[in-house]
Amino acid sequence: MTQTIVVASGKGGTGKTSITAGVGCALAELGRRCLLIDADVGMQSLDMALGVHNYAAFDFSDAARGNIALADAAVPLADFPQASVLAAPPDLEEVGTNALRTITHNIREMDLYDFVLIDAPAGLGEVFRMAACAADAGVIVATADPICLRGAERTAQELMSCGVANLRLVVNRVRPGLMDRGLPNIDDAIDSSGVQLLGYVPEDESVIVSAAYGVPSLLTPRSRAARAYRNIAKRLVGEQAPVLKLGRR
Ligand SMILES: Nc1ncnc2c1ncn2[C@@H]1O[C@H](COP(=O)(O)OP(=O)(O)O)[C@@H](O)[C@H]1O
Ligand SMILES: [Mg+2]
């Protein structure tokens, strides 16, 4: 059965796109058929982060309108062929806000993928709701700072109001040094968002470099973020994964 997960956060820049990309590649590595949908309409970041923007001739609006088969609109990743990226359109004018729901409904009916990860836009507006309404579970991404955590709590409420009840939290860019200085830690993040933890991703410069070059993070040797993405993917498929020790290599 297809699991459709929206990756969301109130704030921009928390790591939604990096986590969608990293966890998507890790799911593919585990042998799962995975579609990564960029719902950041107008921004189109996921295809760039994974280096396939020059191959993405179609986007999800084409697939929703039936102009092209979904499998032909989605671009497979060369290094993780079980994962494909479906790009975002520049706007929703011609397709409307039911587009993603139509696509995920068809995927479930035809059992086309094991996982669909939807990379939601920042904010809690119309496009966010379109992404939420297409999903049956949510991953809320937050960094451990008070402003972002308030956004995570609001995001959880909005997702639940869209009928997405199965919510998990990923705390991103964790820096043990900041926690020592009294900033929120992972437990605080769980408490203030009210959402169960799926995992955390450490601060890791290789994430920034990978995205800039359009190379999947999982290809960076010894990347701590990549290890965290792999652990999150394992938990999503129901396998046990160790909790990474903070601050250790
Ligand atoms: N774990 C991390 N360590 C270091 N930098 C990160 C990490 N996660 C994301 N980033 C960087 O933060 C910025 C925003 O991440 P991005 O995934 O685009 O966020 P969003 O999609 O939520 O806007 C990017 O420059 C990205 O490379
Ligand atoms: Mg993004």
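Attention in this report is confined to the structure presented alongside it.

**Some points on the overall build of the protein chain**
Secondary structure summary: the protein chain contains eleven helices and eight strands in total. On C-alpha atoms alone, the protein chain measures out to a radius of gyration of 17 Å, which is about the 18 Å that the 2.2 N^0.38 rule sets for 249 residues. Burial analysis of the protein chain (249 residues in total) assigns 52% to the buried set. Considering only residue pairs separated by 6 or more positions, the protein chain has 76% of its internal contacts joining residues 24 or more positions apart.

**Some thoughts on the environment of Gly12**
Position of Gly12 among the secondary structure elements: in the loop between β1 (3-8) and α1 (16-29). Placed 130 residues apart in sequence, Gly12 and Ala142 show a C-alpha to C-alpha distance of 9.8 Å.

**Concerning helix α6 (residues 126-133)**
Residues of α6 that are buried: Val127, Phe128, Met130, Ala131 and Ala132. As for α6, its buried residues are in contact with β1, α5 (99-110), β5 (115-119) and α7 (146-161).

**Observations regarding the packing of α7 against helix α9 (residues 186-193)**
Taken N-terminus to C-terminus, the directions of α7 and α9 make an angle of 40°; their axes are 8 Å apart at the nearest point. When the axis of α7 is compared with that of α9, the two are oblique. Of the two elements, α7 crosses α9, and the hand of that crossing is right-handed. In contact with Leu149, Ala152, Glu153 and Ala156 of α7, α9 contributes Ala189, Ser192 and Ser193. Counted by class, the contact of α7 with α9 contains four nonpolar, two polar and one charged residues.

**Some points on the nonpolar core**
Membership of the largest hydrophobic core comes to 88 residues, with the highest contact counts inside it found for Val85, Ile118 and Ala131. Discounting chain neighbours no more than four positions away, the residues touching Ile118 are Ile5, Val6, Val7, Ile37, Ala39, Leu100, Ala131, Ala134 and Ala135.

**Some words on the packing of α1 against helix α11 (residues 224-236)**
At a closest axis distance of 8 Å, the pairing of α1 and α11 adopts a crossing angle of 60°. Our classification of the angle between α1 and α11 gives oblique. Crossing geometry of α1 relative to α11 is assigned as right-handed. Contact residues: α1 offers Gly22, Val23, Ala26 and Leu27, while α11 offers Ala225, Ala226, Tyr229, Arg230, Ile232, Ala233 and Leu236. Considered class by class, the residues forming the contact of α1 with α11 number nine nonpolar, one polar and one charged.

**Quick notes on α11**
Taking 1.5 Å of rise per residue, the 13 residues of α11 would be expected to cover 18 Å, and the 19 Å separating its terminal C-alpha atoms lies within 8% of that figure. Taken together, the buried positions of α11 are occupied by Ala225, Ala226, Ala228, Tyr229, Arg230, Asn231, Ile232, Ala233 and Leu236. At its buried positions, α11 is contacted by α1, β7 (166-174), β8 (196-202) and α10 (205-213). Looking one or two residues past α11, Gly238 carries a phi angle of roughly 90°, positive in sign.

**Side note on the site of ligand 1**
The local shell around ligand 1 holds 19 residues, among which Gly15, Lys16, Thr17, Ser18 and Val207 are the closest. Contributing elements (two or more residues each) for the shell around ligand 1: α1, β7 and α10.

**Let's talk about unusual backbone geometry**
Look at Asp111: it is not a glycine, yet its phi comes out positive at around 50°. Here Asp111 is to be found in the loop between α5 and β5. The backbone of Arg222 sits at a positive phi, close to 60°, despite the residue not being glycine. Within the secondary structure layout, Arg222 lies in the loop between α10 and α11. The exposed category is assigned to Arg222, around which 8 C-beta atoms lie within 10 Å.

**Some remarks on the sheet that holds strand β6 (residues 137-143)**
The strand order across the open sheet formed by eight strands is β3-β4-β2-β5-β1-β6-β7-β8, and the pairing between neighbours is mixed. Of all the strands in the sheet, just β3 (75-76) and β8 have a single pairing partner and so form its edges. Bridging between β6 and β7 involves seven bridges; their strand directions are parallel. In the strand pairing of β7, Gly138 is matched with Leu167. In the packing of α11 onto the sheet, contacts are made with β7 and β8, and the angle to β8 comes to roughly 160°.

**Observations regarding the environment of Met48**
Tracing the backbone through its elements, the reader meets Met48 in helix α2 (residues 46-49). On the neighbour-count criterion, Met48 (19 C-beta atoms within 10 Å) is partly exposed. In the structure, Met48 is positioned 152 residues away from Tyr200 in sequence and 24 Å away in space, judged by C-alpha atoms. Once residues within four sequence positions are removed from consideration, Met48 is found in contact with His53 and Gly214.

Criteria and thresholds
- Residues numbered from 1 in each chain as written.
- Chains lettered and ligands numbered in written order.
- Predicted model: local features only at pLDDT ≥ 70, side-chain atom pairs only at ≥ 80, totals over all residues.
- Helix = DSSP H or I, 4+ residues; strand = E, 2+ residues; numbered from the N terminus.
- Rg over C-alpha atoms; globule rule 2.2 N^0.38 Å.
- Buried ≥ 20, exposed ≤ 12 C-beta atoms within 10 Å, placed from the backbone.
- Contact = placed C-beta atoms within 7 Å.
- Axes fitted to C-alpha atoms, helices over the stretch in contact; angles between N-to-C directions.
- Parallel < 35°, antiparallel > 145°, perpendicular 65-115°, else oblique.
- Left-handed = near helix turned anticlockwise from the far one by under 90°.
- Nonpolar A, V, L, I, M, F, W, Y, C, P; charged D, E, K, R; others polar.
- Core = buried A, V, L, I, M, F, W, Y, C linked by C-beta atoms within 7 Å.
- Expected span 1.5 Å × (residues − 1).
- Near = placed C-beta within 6 Å.
- Pairing = 2+ DSSP bridges.

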